[in-house]
Amino acid sequence: DTEYEEKKNDRTDTVTKVSKSSVEITSKEGDDKGTPILVYTGFALTYQEGWWAAPLLAAEGRFGLRGLIHRCAAVVLLAGLGWHGLELCINRDLRGRLRGLWPSFADIRYFAARLAYYAGRRREVPPSGPFSYVEKMEYWAFVWGMLIMTLSGTPLLFSDLSLRYLPKWITDVATAIHFYEAVLATLAILVWHLYWTIFDPEVYPMDWSWWSGEEPASRTRERRGGNIDADEAEGKRAVSPPGNGDG
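Only a predicted model underlies this, so the values are computations on that prediction, with no experimental measurement involved.

We now examine the overall build of the chain. If you tally the helices and strands in the chain, you get 12 helices and 2 strands. Relative to its full complement of 247 residues, the chain shows a buried share of 36%. Contacts spanning at least 24 positions in sequence make up 68% of the contacts within the chain whose residues lie at least 6 apart. Working note: accessible area of the chain is about 15,500 Å², and carbon and sulfur atoms make up 64% of it.

We now examine the pattern of salt bridges. Evaluated as defined, the whole model comprises 2 salt bridges. Linking D107 and K136 is a salt bridge whose minimum nitrogen-to-oxygen distance equals 3.0 Å. You can see D107 sitting in helix α7 (residues 105-118) and its partner K136 sitting in helix α8 (residues 133-157), a full 29 residues away along the chain. Assigned by exposure class, D107 and K136 land together as buried. One salt bridge in this structure joins K168 and D172, with 3.0 Å as the shortest N-O distance. Residue K168 and its partner D172 are located together in helix α10 (residues 168-199), separated by 4 residues, close to a single helical turn.

Another point: the packing of helix α2 (residues 35-46) against α10. Put simply, α2 and α10 touch, their axes get as near as 10 Å, and they point 135 degrees apart. Looking at the two axes, α2 sits oblique to α10. In this structure, α2 crosses over α10, and the sense of that crossing is left-handed. The residues of α10 that touch α2, namely those facing T35, V39, F43 and T46, are F179, A182, V183, T186 and I189. Residues of the contact of α2 with α10, tallied by class, amount to 6 nonpolar, 3 polar and no charged.

What follows covers the packing of aromatic side chains. This model, assessed by the stated rule, comprises 10 aromatic pairs. For the ring pair Y47 and F179, a centre distance of 6.4 Å and an interplane angle of 55 degrees mean the geometry is tilted. Of this pair, Y47 sits in the loop between α2 and α3 (54-57) while F179 sits in helix α10, and the two are 132 residues apart along the sequence. Relative accessible area serves as the criterion here: at 35%, Y47 is assigned to the partly exposed category. A centroid spacing of 5.7 Å and a plane angle of 55 degrees characterise the contact between Y110 and Y133, whose relative ring orientation is tilted. Of this pair, Y110 sits in helix α7 while Y133 sits in helix α8, placing them 23 residues apart in sequence. One exposure class covers both Y110 and Y133, and it is buried. Feature note: the residues F43, Y47, F179 and Y180 constitute an aromatic cluster, connected by ring pairs.

Tracing the chain through its elements places H193 in helix α10. The sequence separation of H193 and E138 amounts to 55 residues, and the corresponding C-alpha distance is 8.4 Å. When neighbours within four sequence positions are excluded, H193 is seen to be in contact with E138 and A188.

The rules we used
Residues numbered from 1 in each chain as written. Predicted model: local features only at pLDDT ≥ 70, side-chain atom pairs only at ≥ 80, totals over all residues. Heavy atoms only, no water. Helix = DSSP H or I, 4+ residues; strand = E, 2+ residues; numbered from the N terminus. Buried < 20%, exposed > 50% of the residue type's maximum accessible area, 1.4 Å probe, protein only. Contact = heavy atoms within 4.5 Å. Areas by Shrake-Rupley, 256 points an atom, 1.4 Å probe, with all protein chains shown as cover. Salt bridge = Lys/Arg side-chain N within 4 Å of Asp/Glu carboxyl O. Axes fitted to C-alpha atoms, helices over the stretch in contact; angles between N-to-C directions. Parallel < 35°, antiparallel > 145°, perpendicular 65-115°, else oblique. Left-handed = near helix turned anticlockwise from the far one by under 90°. Nonpolar A, V, L, I, M, F, W, Y, C, P; charged D, E, K, R; others polar. Phe/Tyr/Trp six-rings, centres within 6.5 Å; stacked < 30°, edge-to-face > 60°.

Shown next, in the form of structure tokens:
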């Protein structure tokens, strides 16, 4: 109705003023930026007839370029994950954030409220904790995917040793698991991650928080509801204590 639209416009204007500054982001830790390289170099082996794979495979026979890039990207990604694990071991604050990323029944309630907001049955964005179900799903999907890809990729990386000491069906199963987990990762990037970081109107044409570690206050309001502190008057929001408001 008209009253709601006026209220929404007033709220948007207020947020726009606040969003000239940035607020500290509380997003998932861990770096999965090497995943597109792994996807491209991995699928190039499976779909060698594709035109998009031809440039990469041109030097495959002589230099093994595709395999080298794929393995190097995997090592870099695992090193980043290892560094993340080390940080969790030595940094108490990060361990607190990790506790905030555990799923809870509050996520179900928040999801239902979010659906009601999208359907127009709720006027205000439902408030979430420091991490909503979105961040939780992305974080644990990444961790789970890395575990599966590492376990299935290791016998393929050392294929000579695997074929010498292990039954062949193990490498066959590892190949199938590695491929289908890569398909899931690709779909997660194309359907979920790209929208969340590029095509969402709140961040289009790009969410620069991956570079700055900060997010506009307008996006915080849209995605987290009423979770911006009074500090937003100064253009900053302190990170909420892990687990607060999370059920």
